Amino acid sequence: MKKIFITEPYLSPLEEFIPYLEKIWENKRLTNNGPFHEEFEKNLAQYLGVEYISLFANGTLALVTALQALRISGEVITTPYTFVATAHSLLWNNIKPVFADIEPDTYNIDPRKIEEAITPQTTAILPVHIYGYPCNIEAIQDIADNYGLKVIYDAAHTFGVKHQNQSLCSFGDLSVLSFHATKVFNTFEGGAIICPDLKTKQRIDYLKNFGIADETTVVAPGINGKMNELQAACGVLQLKYIDNQIKKRGLVDSFYREHLDCVRGITCLPLPTGVMYNYSYFPILIEPDYYLERDQLYEKLKANNIFTRRYFYPLVSEYPMYRGLDSASKNNLEFAYKKSRKILCLPIFPSISKEVLATIVSLIKET
Ligand SMILES: *Cc1c(COP(=O)(O)O)cnc(C)c1O
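Residues numbered from 1 in each chain as written. Predicted model: local features only at pLDDT ≥ 70, side-chain atom pairs only at ≥ 80, totals over all residues. Heavy atoms only, no water.

Asks: Kindly report on the overall build of the chain, identifying the contributing residues and their values.
Replies: Secondary structure assignment for the chain yields 12 helices and 17 strands. Relative to a compact globule of 367 residues, whose C-alpha radius of gyration would be 21 Å, the chain shows 21 Å and is just as compact. Reported as C-alpha extents along the three principal axes, the dimensions of the chain are approximately 70 × 55 × 35 Å. Here the chain holds 367 residues, and 55% of them are scored as buried. (Helix = DSSP H or I, 4+ residues; strand = E, 2+ residues; numbered from the N terminus. Rg over C-alpha atoms; globule rule 2.2 N^0.38 Å. Buried < 20%, exposed > 50% of the residue type's maximum accessible area, 1.4 Å probe, protein only.)

Pasting the structure below:
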């Protein structure tokens, strides 16, 4: 069998991309707010049901810029159970990450642990809607309001997720999306910040373009975080297919649940309730009563050309640039540690075949 990875990026039909390329060659606008950039920004805002979006070259530059846009400094409370870019965006801004443990049922940062971690230096909270499962938004907002903190959501996993009939990326002060090739929706590389008002969008747009406000005015030491026309054209095109792609992901999700829920020692993470989900990941827990350890199952599948991922292991707090922090200690992060040693994310993507799914399931079931 050919190699199967946790995801295979979605690409719309090539012949449909050609006219978009011809347009770019015709009008010779390659970047800096070209016509596709404008169109994608508009279409995306409409699709997500939000007012203001600023597009980026990738999600990491968007995270770094989001922190700058709100002038965050000092300490920021975040989760260790995420992709490294979340915490790296803090170090790039000279901000000290303070890790708080996750809730054992949602895998998201625990609001009670956030409150315990607040110091006079705390200026913001940087939670992640992990796997696209909503954080405890109300509790986090209450804490932010009580202590005068900003909330920036790393919403890299949430594309298309609706919570209380509202886009999951419309909560908090800012939300940051990623359109990396491995995500539910991709523009090869790409990202965005969702913001609540035009003034904030204006500042973000300056910051992603060197801080340039006009020909003779530079208002901040901004970065080059701009999305180019190829990425934006790709976004306009792929957006037409996203609903269908999410639907197909949902079928893969159901297949796994139907066939794995009865396997002793394997637990499928329950779907979030009250949510229109995007099926971005399919995480399972390998419990002690399964006949293999988590890493043994990972190796067994790999030997059969099935490349799963241990998202998120190791924890961000275990990497050398973070492990010296007080908040990185194992005692402080009990559930994050436990879960990271049991979790395995199975391949899920719209074009995965029934045969491959059946193979994965039988490899997990056979003893
Ligand atoms: C993918 C990802 C990012 C980074 O996005 P890029 O577009 O790859 O830079 C940040 N945070 C999380 C949780 C992610 O999964």
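Moving on, there is more to tell.
Asks: Break down the sheet that holds strand S17 (residues 343-346) for me, with residues and values.
Replies: Pairing is antiparallel in the open sheet, where 3 strands are placed in the order S13-S15-S17. Sheet topology places strand S13 (266-268) and S17 at the edges, where each strand pairs with a single neighbour. The sheet shows a mean angle of 35° between the axes of neighbouring strands, taken without regard to direction. Packing of helix H10 (residues 294-303) onto the sheet brings it into contact with S13, strand S15 (282-286) and S17, and relative to S17 it is tilted by some 25°. (Pairing = 2+ DSSP bridges. Axes fitted to C-alpha atoms, helices over the stretch in contact; angles between N-to-C directions. Contact = heavy atoms within 4.5 Å.)

Asks: Can you explain the site of the ligand? Please cite residues and give values.
Replies: If you check the shell around the ligand, you find 15 residues, and the closest are Gly-59, Thr-60, Asp-154, Ser-178 and Lys-183. A distance of 2.8 Å separates an oxygen atom of the ligand from a polar atom in the backbone of Gly-59. Within the side chain of Asp-154, a nitrogen or oxygen atom sits 2.7 Å from a nitrogen atom of the ligand. Relative to its unbound accessible area of 390 Å², the ligand is 92% covered by the protein chains. Taking a 2 Å distance to the grid points as the criterion, the majority of the atoms of the ligand fall inside the largest pocket. Here the residues of the shell around the ligand sort into 4 nonpolar, 9 polar and 2 charged. (Near = heavy atom within 4 Å. Polar contact = N/O pair within 3.5 Å; in protein donor to acceptor, adjacent residues only side chain to side chain. Areas by Shrake-Rupley, 256 points an atom, 1.4 Å probe, with all protein chains shown as cover. 1 Å grid on protein atoms, 1.4 Å probe; cavity = no way out; pocket = protein on both sides within 12 Å on 5 of 7 lines; lining within 4 Å. Sits in = over half its atoms within 2 Å of the grid points. Nonpolar A, V, L, I, M, F, W, Y, C, P; charged D, E, K, R; others polar.)

Asks: How would you summarise the packing of aromatic side chains if you had to cite specific residues and measurements?
Replies: Summed over the entire model, instances satisfying the criterion amount to 23 aromatic pairs. Relative to Phe-36, the ring of Tyr-20 lies with its centre 5.5 Å away and its plane at 25°, an arrangement referred to as stacked. Here Tyr-20 is found in helix H1 (residues 14-27), whereas its partner Phe-36 is found in helix H2 (residues 35-48), with 16 residues between them in sequence. Each member of the pair Tyr-20 and Phe-36 is classed as buried. Where Phe-99 meets Tyr-322, the ring centres are 5.9 Å apart and the plane angle is 80°; that geometry is what we call edge-to-face. Placement of the pair is Phe-99 in strand S4 (residues 96-99) and Tyr-322 in the loop between strand S16 (306-307) and helix H11 (334-340), with a sequence separation of 223 residues. Take Tyr-322: its relative accessible area is 0%, and that puts it in the buried class. (Phe/Tyr/Trp six-rings, centres within 6.5 Å; stacked < 30°, edge-to-face > 60°.)

Asks: Quick rundown of the sheet that holds strand S9 (residues 174-178)? Include the residues and the values.
Replies: Pairing between the strands of a sheet comes from backbone hydrogen bonds, and it takes one of two forms, parallel or antiparallel. The 7 strands lie next to each other as S2-S10-S9-S6-S5-S3-S4, forming an open sheet whose pairing is mixed. At either end of the open sheet lies a strand with only one pairing partner, and these are strand S2 (52-56) and S4. Averaged over all adjacent pairs, the angle separating strand axes in this sheet is 25°, with direction ignored. Relative to strand S10 (residues 191-195), S2 is paired through 5 bridges, and the arrangement is antiparallel.

Asks: Outline the side chain of Thr-122, supporting the account with residue identities and numerical values.
Replies: Along the chain, Thr-122 falls in strand S5 (residues 122-126). For Thr-122, the side chain forms a polar contact with the main-chain nitrogen of Thr-119, separated by 2.8 Å. Excluding its chain neighbours within four sequence positions, the residues that come into contact with Thr-122 are Glu-75, Ile-77, Ala-117 and Leu-149.

Asks: An account of empty space enclosed by the protein is requested, with residue identities and associated values reported.
Replies: Summed over all chains, the structure comprises 2 cavities of 30 Å³ or more. Along the walls of the largest cavity sit Thr-7, Glu-8, Pro-9, Tyr-10, Ala-181, Lys-183, Val-184, Gln-245, Arg-249 and Pro-350, which together make up its complete lining. For the lining of the largest cavity, a count of residues per class yields 5 nonpolar, 2 polar and 3 charged. Here the lining of the largest cavity spans two domains, and each of domain 1 (5-239) and domain 2 (242-365) adds at least three residues to it. The calculated volume of the second largest cavity comes to roughly 30 Å³. Taken together, Tyr-10, Val-184, Phe-185, Asn-186, Gln-238, Tyr-241, Ile-242 and Gln-245 make up the lining of the second largest cavity. When its residues are assigned to classes, the lining of the second largest cavity shows 5 nonpolar, 3 polar and no charged. (Points joined across faces, edges and corners; volume = space filled by probe spheres on them. Domains from an automatic or database assignment.)

Asks: Mind laying out the domain arrangement of the chain, listing which residues take part and the relevant values?
Replies: We note that the domain assignment places domain 1 (5-239) and domain 2 (242-365) within the chain. Taken together, both faces of the contact between domain 1 and domain 2 bury some 3800 Å²; the carbon and sulfur share is 66%. Of all residues in domain 1, Ile-6, Phe-99 and Tyr-131 give up the largest surface area on contact with domain 2, accounting jointly for 21% of the area buried on that side. Seen at the junction of domain 1 and domain 2, the total is 0 salt bridges. At the boundary of domain 1 and domain 2, one finds 22 residue pairs in polar contact (both at pLDDT 80 or more). Sorting the residues of the side of domain 1 that touches domain 2 by element identifies helix H4 (85-91), S4, strand S7 (162-163) and helix H8 (229-239) as the ones contributing at least two each. If you tally residues by element for the side of domain 1 that touches domain 2, the top one is S4, at 4 residues. (Buried area = accessible area lost by both parts, 1.4 Å probe. Salt bridge = Lys/Arg side-chain N within 4 Å of Asp/Glu carboxyl O.)

Asks: Would you mind going over the layout of surface pockets in detail, with residue names and values included?
Replies: A volume near 700 Å³ is recorded for the largest pocket. Lining of the largest pocket is provided by 38 residues; of these, Phe-83, Thr-182, Lys-183, Tyr-311 and Phe-312 occupy positions nearest its centre. Taken together, the elements giving at least two residues each to the lining of the largest pocket come down to helix H3 (59-69), H4 and S9. Here the lining of the largest pocket gathers at least three residues from each of two domains, domain 1 (5-239) and domain 2 (242-365). Empty space within the second largest pocket amounts to approximately 280 Å³. The wall of the second largest pocket is formed by 15 residues, among which Thr-106, Tyr-133, Pro-134, Pro-272 and Thr-273 lie closest to the centre. Classifying every residue of the lining of the second largest pocket gives 8 nonpolar, 4 polar and 3 charged. Residues from two domains meet in the lining of the second largest pocket; each of domain 1 (5-239) and domain 2 (242-365) gives at least three.

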